[in-house]
Structure formats: structure tokens, C-alpha cells
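Now for the letters of each chain:
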Amino acid sequence: MQNPSPEHNLDPTDLPDARGHFGKYGGMYVPETLMTPLFELTEAYHEARQDPYYQKELNFQLREFAGRPTNLYFAERLTKHCRGAKIYLKREDLLHTGAHKINNAIGQALIAKRMGKTRIIAETGAGQHGIATAAICAKMGFECVIYMGEEDMRRQALNVFRMRLCGAKVRGVTAGQKTLKEAVNEAMRDWVTNVRTTHYIIGSALGAHPFPMMVRDFHRVIGEECKRQILESEGRLPDEVTACVGGGSNAIGIFFSFLKDLGVRLTGVEAGGREISLGHHAARFAGGRLGVLQGAKTWILQNSDGQIDRTHSVSAGLDYAAVGPEHAYYNEKGRIDFGYATDSEALQAFQDLCKIEGIVPALETAHGIAYAMRRARELSSDNIIICNLSGRGDKDVQEAARVLGQTTL
Ligand SMILES: *Cc1c(COP(=O)(O)O)cnc(C)c1O
């Protein structure tokens, strides 16, 4: 097992710096008009985190509305099936609205309330972040607008209806590939225009400072619980923790508490798509390079002119050209390893987890499961691997049926 160099003595809580840099990654690459709102947000965020009343309300809503803590579940049959390391699953799929996204949506909505905002906007790809945002907006009485590419609206029609049921306006975006990247652009445009009344809840550990930091912090609860739970059930830390990586929020959330435990290998799993060749995948660390997209410097799939490449994944939530800047930093430092699972590996793991454990994972999550199964087989029964089960797969059943050609399951 590969370990980072001994001089690599980081304190993860010192990052990012005041301008949002994780080493050379991150930052605030935005138009002038957004600098002031981003500074105001940063200040409001720091104030809130130091306010015991805010912390209390956040913890209350995470417990009462979202359903925390989530189980750390020993996947006994999956372990037997793989004949290797013990596999544990952190059950973020059991949260209200079906994925980890609600942790961040609640945290940011409470910041928006403190700042006196009355309107919330968000972008969404697969729709999980849109649903989490629409739900918390309904509960807290915010006006809510969700931007979504028209291609994604078509693929996730049921999620669009769920958001509308919760009172959100869903605005279709017709530019470019009509997917997540274009929805982010549209949300940013709205924010610049309406920033006095409006807060923009970004859905992953992406974008300009302070978003990658805020989103990470709101998901750190996953790793904090997980560490406590594995110590309770096994009396020791795991050998490896793994999670799928779209923008990287569920991954950094579960990894964060283990960053200083150098004996715990951390592995992010990207979308390998059909294969690692231009336009057929979304594995930024396998085919990307340094650049700037939508506010941050990070690893991006782009051509030599900096033109953003087309991407592909069977899971909409991993189908994005950039990765969160904090992951780029830990990749460079050798603290987080990155691998990928292809569409077909993810679809196999999706079915395996259903059949063997009776758990229907999101297709995003299935990439992490595919890796965990592969890795468990390489390790021995003395080893422990934890996989973040970032979300449930109800939203994907139709797409899986279409791809697998089993319309009557
Ligand atoms: C959105 C989503 C992802 C990908 O986003 P990250 O920010 O990388 O976590 C992964 N799994 C599920 C279930 C999601 O909804």
C-alpha cells in the first residue's frame, strides 16, 4: 500500500487560505461583480460557524429534517461474495431526499437566512441537489429557482416533478450540451443580477471560494460519524476509505476526518465512462490537466486551447469536466489516490449491490462500490474498507432498465 512521504505533514483544517487557495488550486476566478458577494458570503460563513446558536440549529436540522446520524453498515454478504477485506457502507442514501446533498443544502440555507436573503437559486445535474434544495426551501419558506440543462430535465423527468411539487421553479437551460456546466453558468448569471435578495447554493465542492470550503465543511459530518462508528464496531481505523467523485463533495466529506491518519488509504473514484478517450469519460485525473473553470483553478478535461471537452458518464452526477480544487491538491500531495470505474463496471456493481445486499445505490455511488469490490478482492480478511454510499438509486432505475435492456425487471 502506497503511503505519502513522511515530510508530508499537513493540517487539513488550515486549508484553504484566506483567498481560497489549496496550494495552487482553488481561488476566486470570477467577474469583478461577484467579488463583493463572495467576500460577504465568506464573512457571513465564518461568523456563523463561530456562533453557537447557528451550530445548534444546524445540528438540530441535520438530525430532525435530514435524519442524521446515518448507519455505518457492515455489508456481510458483499464481503463474503468478494472473499477479501471486510466492506462497510456509510449509508448516506438513507438521508431525507436520498443522498448526502441535503447536508450542504441545510447548512447553506441557514447561512442565507442569517444574511437576510429571501430567494435561493441552485443548479442541478441528476436532480439530487435540486431536490435537496427545493425541500429545504419549502421547509424554510424561501422562493426557489433551480437551473437544469434541458437534456438532464429529459433524463430526470421525475426529479423535475418532485422539485416542482416542493414549490421550486425549474428553469431549463438550452445552451451547449444542455447539462450541468451550462446550468452552473445560468445560475451564476442569475446570482450576479439578483445578489441583493438571492443566495446561490452550489451543489458540490466546486466553484469559487468560499464554496469549496463551505460545501466540504457541511459534509465533514459524514467522516466524523464514520470514524467514531468504525472505532466502535472494529476498535480500529479502516485500511481504506473510498467514495465516488463528481465535484467531490461526498468524497471530501468522508475523507476529511482521515486525512491525518496516514495509515488509512483514501481513494476517489471517477467516471471512466465508455473508455478513457476524448469525450467518452469524466475522469479528470486520468485525462485532464490544470485550468480554470467556473471560478476555480483545478484539473479539467480540456483541449490544448483550454476549450472544455465533452464528457460522458452513465451517471449524470459524475458527468462534469472539472473536479473540486481540494482533490486536485491532495492528488498532487499523494494523500488521495484516484482511480475510475467504467460505465459497465458501475452497472455491474449497481446490480450486485441490489442482489447481494438488497440496497439500490445511485449510479454515481455504484462507481465507488465497483472499486470497493475490486479492491476488497486484492486485500485479505484482516483488512477493512469503507465505501461512502452517497445516495439511493430510485432516480436511476429507469435509466438502468433502459441500458440493461430489462424493462420488465
Ligand atoms: C451529486 C451526487 C454525487 C456526485 O457529487 P459529489 O459532489 O462528487 O459527491 C455522487 N453521488 C450522489 C448520490 C449524488 O447525488
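Residues numbered from 1 in each chain as written. Predicted model: local features only at pLDDT ≥ 70, side-chain atom pairs only at ≥ 80, totals over all residues. Heavy atoms only, no water.

Quick look at the packing of helix α4 (residues 101-114) against helix α9 (residues 211-234)
Packed helix pairs are characterised by how far apart their axes lie and by the angle those axes make with each other.
Reasoning step 1: Their axes nearest at 8 Å, the elements α4 and α9 cross at an angle of 125°. In terms of their interaxial angle, α4 and α9 are classed as oblique. The hand of the α4/α9 crossing is right-handed. Judged by residue contacts, K101, N103, N104, G107, Q108 and I111 of α4 engage F211, M214, V215, F218, H219, V221 and I222 from α9. (Axes fitted to C-alpha atoms, helices over the stretch in contact; angles between N-to-C directions. Helix = DSSP H or I, 4+ residues; strand = E, 2+ residues; numbered from the N terminus. Parallel < 35°, antiparallel > 145°, perpendicular 65-115°, else oblique. Left-handed = near helix turned anticlockwise from the far one by under 90°. Contact = heavy atoms within 4.5 Å.)

What to know about the site of the ligand
Reasoning step 1: Residues in contact with the ligand amount to 18 residues; listed here are only the nearest, K101, S204, G246, G248 and S249.
Reasoning step 2: The backbone of G246 places a nitrogen or oxygen atom 2.7 Å from an oxygen atom of the ligand.
Reasoning step 3: For the ligand, an oxygen atom lies 2.8 Å from a polar atom in the side chain of N250.
Reasoning step 4: The protein chains hide 96% of the 380 Å² of surface that the ligand would expose on its own.
Reasoning step 5: Elements represented by at least two residues in the shell around the ligand include exactly α10 (249-255) and α14 (363-378).
Reasoning step 6: Grouping the amino acids of the shell around the ligand by side-chain chemistry returns four nonpolar, twelve polar and two charged.
Reasoning step 7: Three or more residues apiece are contributed to the shell around the ligand by two domains, here domain 1 (31-63 + 101-211) and domain 2 (67-98 + 219-408). (Near = heavy atom within 4 Å. Polar contact = N/O pair within 3.5 Å; in protein donor to acceptor, adjacent residues only side chain to side chain. Areas by Shrake-Rupley, 256 points an atom, 1.4 Å probe, with all protein chains shown as cover. Nonpolar A, V, L, I, M, F, W, Y, C, P; charged D, E, K, R; others polar. Domains from an automatic or database assignment.)

A short note on the environment of V314
Reasoning step 1: As for its placement among the helices and strands, V314 is situated in the loop between β12 (295-300) and α12 (325-333).
Reasoning step 2: Put simply, V314 and G272 are 42 residues apart on the chain and 9.4 Å apart in space, counted from C-alpha to C-alpha.
Reasoning step 3: The contact partners of V314, leaving out residues within four places of it in the chain, are D343, L347, L363 and H367.

Some words on the packing of aromatic side chains
Reasoning step 1: Applying the stated criterion across every chain yields a total of eight aromatic pairs.
Reasoning step 2: Ring geometry for F285 versus W299: centroids 5.5 Å apart, planes at 45°, classification tilted. Of the two residues, F285 sits in helix α11 (residues 284-287) while W299 sits in strand β12, which places them 14 residues apart along the sequence.
Reasoning step 3: With a relative accessible area of 15%, F285 lands in the buried category.
Reasoning step 4: Each residue in the set W191, Y200 and F211 is aromatic and connected to the rest through ring pairs, giving one cluster.
Reasoning step 5: The ring of F74 has K86 sitting right over it, with the charged end atom 5.4 Å from the ring centre.
Reasoning step 6: Of note, R91 hangs over the ring of Y73, and the distance from its end group to the ring centre comes to 5.6 Å. (Phe/Tyr/Trp six-rings, centres within 6.5 Å; stacked < 30°, edge-to-face > 60°. Buried < 20%, exposed > 50% of the residue type's maximum accessible area, 1.4 Å probe, protein only. Lys NZ or Arg CZ within 6 Å of the ring centre and 35° of its normal.)

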